[in-house]
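Inside the fold
What follows is each chain in one-letter form.
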Amino acid sequence: MSATYSPQILVAPVPRMVKHPFLCLPHGCVIESVKDPPDVLDRQKCLDALAALRHAKWFQARANGLPSCVVIIRILRDLCRRVPTWAPLNEWAMELLVEKCVNSGGISMAPGDSLRRVFESIASGILLPGGPGLMDPCEKEPMDAAATLTNQEREDITASAQHALRLIAFRQIHKVLGMDALPAPKFMRRPFIPRKRRRTNSAGDGTDEGGEKKDKKEGEVGMDAQSTEKA
């Protein structure tokens, strides 16, 4: 009794990395595709989770050590929640932008200067379609971290950053932060500047009375001498 046997190879529909571009199969082999079981994780979600892990490692290595970087990121997150114009900006693009601005400005920058520098970079057109963009350092291929923004959203965020710079220039940063203005101090203390003032006599001319005081002292000394001689 002789029976013919044809081997079968099962190939999953998920693409995998193969060293050789052409796969040589023996004669008589049949390739069949099977569906993944329902408990298999989604491929796109797995890739997103790996990208988030790379972002967290990058933040720990580059941005967490900067003194005012975390503070500015919190302010921009609050701005994205309050202002609908800033809502389309994702957190990864925000973290990249803040790190580049703070790191290029120096470690000794105050939080106020760092916030103004971030608004200046956005107002200069870094997010516009013809601008340099935000290159993702965690990807092998060049990719814009703010690629999900439309052209209109990019223009709106740029215009909003320019308006925020005007408010900061006119000492109205409380409107940018969404808080009440600080009350003015009750007593304004003027800075004391020591300055010599010219003395004026009763006539009103600006002559100095130093010479008259010297003459009076000399006259008093002479009168004392005469009184001692008479005694």
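Residue positions are given per chain, counted from 1 along the sequence in the order it is written. The model is predicted, so local features are restricted to residues of pLDDT at least 70 and side-chain atom pairs to those at 80 or more, both for listing and for counting; the totals for chains, interfaces and linings are taken over all residues. Here the side-chain values reflect all heavy atoms present in the structure, with hydrogen atoms and water set aside.

Here the focus is the side chain of Glu95. Positionally, Glu95 belongs in helix 3 (residues 91-105). By definition, residues are in contact when any of their heavy atoms lie within 4.5 Å. Excluding anything up to four places from it in sequence, Glu95 contacts Trp58, Phe59, Ile73 and Arg77. Note on conventions: DSSP H or I runs of at least 4 residues are helices, E runs of at least 2 residues are strands, and numbering of each starts at the N terminus.

Let us look at the confidence of the model for the protein. A residue's pLDDT is the predictor's confidence in that residue, given on a scale from 0 to 100. The pLDDT averaged across the protein works out to 77; a share of 65% of its residues lies at or above 70. Ranking the helices and strands of the protein by mean pLDDT puts helix 5 (residues 151-169) first, with 95, and strand 1 (residues 8-11) last, with 48. A low-confidence stretch, residues 9-22 (pLDDT under 50), is modelled with 16 contacts involving residues beyond four sequence positions or located in other chains.

What follows concerns the packing of helix 4 (residues 111-123) against helix 5. Axis definition: a line fitted to C-alpha atoms, limited for helices to the stretch in contact. Angles are taken between N-to-C directions and run from 0 to 180 degrees. Contact pair helix 4 / helix 5: the axes reach a minimum separation of 8 Å and the direction vectors enclose 140°. When the axis of helix 4 is compared with that of helix 5, the two are oblique. In the crossing of helix 4 with helix 5, the sense of the turn from one axis to the other is left-handed. Facing Arg116, Phe119, Glu120, Ile122 and Ala123 of helix 4, the residues of helix 5 in contact are Ile157, Thr158, Ala161, Gln162, Ala164, Leu165 and Ile168. For this classification, Asp, Glu, Lys and Arg are treated as charged, while Ala, Val, Leu, Ile, Met, Phe, Trp, Tyr, Cys and Pro are nonpolar and the rest, including Gly, are polar. Across the contact of helix 4 with helix 5, the residue classes break down as eight nonpolar, two polar and two charged. Between 65 and 115 degrees an angle is taken as roughly perpendicular, under 35 as roughly parallel, over 145 as roughly antiparallel, and anywhere else as oblique. What makes a crossing left-handed is the near helix being turned counterclockwise from the far one by less than a right angle; a clockwise turn instead makes it right-handed.

Moving on to the nonpolar core. In a soluble, globular protein the nonpolar side chains are often hidden away together inside. Ranked by internal contacts, the top residues of the largest apolar core, which has 39 residues, are Leu76, Trp86, Val98, Val118, Phe119 and Ile122. Those elements giving two or more residues to this core turn out to be helix 1 (43-63), helix 2 (69-82), helix 3, helix 4 and helix 5. Per element, the largest residue contribution to this core is eight residues, and it comes from helix 3. Not counting the four nearest positions on each side in its chain, Leu76 is found in contact with Met94, Val98, Val118 and Phe119. By nonpolar core is meant a set of buried Ala, Val, Leu, Ile, Met, Phe, Trp, Tyr and Cys residues that side-chain atoms within 4.5 Å join together. Categorising residues by exposure relies on relative accessible area from a 1.4 Å probe, with only protein chains included: less than 20% of the type maximum marks a residue as buried, more than 50% marks it as exposed, and the intermediate range marks it as partly exposed.

Here the focus is the environment of Ala51. Structurally, the position occupied by Ala51 is in helix 1. On the accessibility criterion, Ala51 (14% relative accessible area) is buried. Spatially, the C-alpha atom of Ala51 lies 7.7 Å from that of Cys138, the residues being 87 residues apart in sequence.

With that settled, the discussion passes to the pattern of salt bridges. Any carboxyl oxygen of Asp or Glu within 4 Å of a side-chain nitrogen of Lys or Arg constitutes a salt bridge here. Counted under the stated rule, the structure contains eight salt bridges. Ionic pairing is found between Arg54 and Glu139, a salt bridge with its closest N-O pair at 3.0 Å. Linking Arg54 in helix 1 with Glu139 in the loop between helix 4 and helix 5, this pair joins segments that are 85 residues apart in sequence. One salt bridge in this structure joins Asp113 and Arg116, with 2.9 Å as the shortest N-O distance. With a gap of three residues between them, Asp113 and Arg116 both fall in helix 4, about one helical turn apart. Among the charged side chains, a network of salt bridges with common partners joins Arg77, Glu91 and Glu95.

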